[in-house]
Amino acid sequence: MMSEMEMSRRGVLAGSAAAAALAAARQVEAQPVKAAAPATMPVSLTVNGKRRDLTLDTRTTLLDALREHLKLTGTKKGCDHGQCGACTVIVNGERINSCLSLAVQHQGDEVKTIEGLGTPDKLHPMQAAFVRHDGYQCGYCTPGQICSAVAVLDEIKRGVPSHVQADLSARPQPTNIEMRERMSGNICRCGAYSNIAEAMAEVAGAKG
Ligand code: FES
Ligand code: FES
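Note that the structure is predicted; figures quoted are calculated from it, not measured.

### A look at the sheet that holds strand E1 (residues 40-47)
At step 1: Here we have five strands laid out as an open sheet, ordered E2-E1-E5-E3-E4, and mixed in their pairing. The sheet is open, and its two borders are formed by strand E2 (50-57) and strand E4 (94-97), each paired with just one other strand. Neighbour to neighbour, the strand axes of the sheet diverge by 40° on average, direction disregarded.
At step 2: In this fold helix H5 (residues 142-158) packs onto strand E3 (88-91) and E4, with an angle of close to 40° to the strand it touches most, E3.

Structural data, given as structure tokens:
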């Protein structure tokens, strides 16, 4: 059985340990919390044919670099996590979701946005076809749709296979189904899909 003296000695030790822990915790609380400066990095991109040199927080997405730093607001932010395609741009000839990519990963890359495809006076053939076929309603998804559509026709030309058409040499002209499949990452809340496919078919010279 524990003597009274042992019990009180234990009590004193436990009490002092608790007091020391409390004092340490208070000291930690009292320290001013210094926020670490965000890491930045220089990055050079060629955007719509012009070299652009930026110093960016390494967490900046390519989408934010274009919109917030270069003021190229034609590229739209929809979901900001790779589900809608509104942020599609063409990088080194391939379409990508710019919200899923860090700008600093694109050192030296060639980026094409909707602003680089055509101008109001001189529309790109795909832009003109979208106008002719009413390929948009509110227009929010349209820059991404057009960048994607341009890249899709280029993919087909280069023979990049899809789920629908594994061997393009067997059928060089893309079908309506195939174009819709390839465009399936670009969501349109206004539901302009049929008109978009018609615009693409016209540019591709496809019969459907
Ligand atoms: S904003 Fe990038 S996929 Fe939706
Ligand atoms: S035109 Fe409105 S979301 Fe596509």
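### Considerations on the nonpolar core
Burial of nonpolar side chains together is a common tendency in soluble globular proteins.
At step 1: Counting 23 residues, the largest nonpolar core has Met-126, Phe-130, Ile-146, Leu-153 and Met-200 as the members making the most contacts within it.
At step 2: Among the secondary structure elements, those contributing two or more residues to this core are helix H3 (114-117), helix H4 (125-132), H5 and helix H7 (193-204).
At step 3: Looking at this core element by element, the count peaks at eight residues for H5.
At step 4: Membership of the second largest hydrophobic core comes to 15 residues, among which are Leu-54, Leu-62, Leu-70 and Val-104.

### Thoughts on helix H2 (residues 62-69)
At step 1: Burial within H2 is extensive, with six of its eight residues counted as buried.
At step 2: Taken residue by residue, H2 has Leu-62, Leu-63, Asp-64, Ala-65, Leu-66 and Arg-67 as its buried positions.
At step 3: The secondary structure elements touched by the buried residues of H2 are E1, E2, E3, E4 and strand E5 (110-112).
At step 4: Trailing H2 by a residue or two, Lys-71 shows a phi angle of about 60°, which is positive.

### Comments concerning unusual backbone geometry
At step 1: Despite not being glycine, Asn-48 shows a phi value in the positive range, around 50°.
At step 2: Along the polypeptide, Asn-48 turns up in the loop between E1 and E2.
At step 3: For Asn-48, a relative accessible area of 25% puts it in the partly exposed group.
At step 4: One non-glycine residue, Asp-80, lies in positive phi territory at about 65°.

### Overview of the pattern of salt bridges
When the charged atoms of two side chains lie near each other, side chains of opposite charge can form a pair.
At step 1: Enumeration according to the criterion identifies ten salt bridges in this entry.
At step 2: Here the residues in one salt-bridge network are Arg-95, Glu-155, Glu-178 and Arg-182, joined through shared partners.

### Brief notes about a nonpolar patch on the surface
At step 1: A surface patch of nonpolar side chains, amounting to about 230 Å² of accessible area, comprises Leu-123, Val-131 and Tyr-136.
At step 2: Within the element layout of this structure, Val-131 appears in helix H4.
At step 3: Looking at Val-131, the relative accessible area reads 41%, which means it is partly exposed.

Cut-off values and rules
- Residues numbered from 1 in each chain as written.
- Chains lettered and ligands numbered in written order.
- Predicted model: local features only at pLDDT ≥ 70, side-chain atom pairs only at ≥ 80, totals over all residues.
- Heavy atoms only, no water.
- Pairing = 2+ DSSP bridges.
- Helix = DSSP H or I, 4+ residues; strand = E, 2+ residues; numbered from the N terminus.
- Axes fitted to C-alpha atoms, helices over the stretch in contact; angles between N-to-C directions.
- Contact = heavy atoms within 4.5 Å.
- Core = buried A, V, L, I, M, F, W, Y, C linked by side-chain atoms within 4.5 Å.
- Buried < 20%, exposed > 50% of the residue type's maximum accessible area, 1.4 Å probe, protein only.
- Salt bridge = Lys/Arg side-chain N within 4 Å of Asp/Glu carboxyl O.
- Patch = residues over 30% accessible without salt bridge, like charges linked within 9 Å, V, L, I, M, F, W, Y side chains within 5 Å.
- Areas by Shrake-Rupley, 256 points an atom, 1.4 Å probe, with all protein chains shown as cover.

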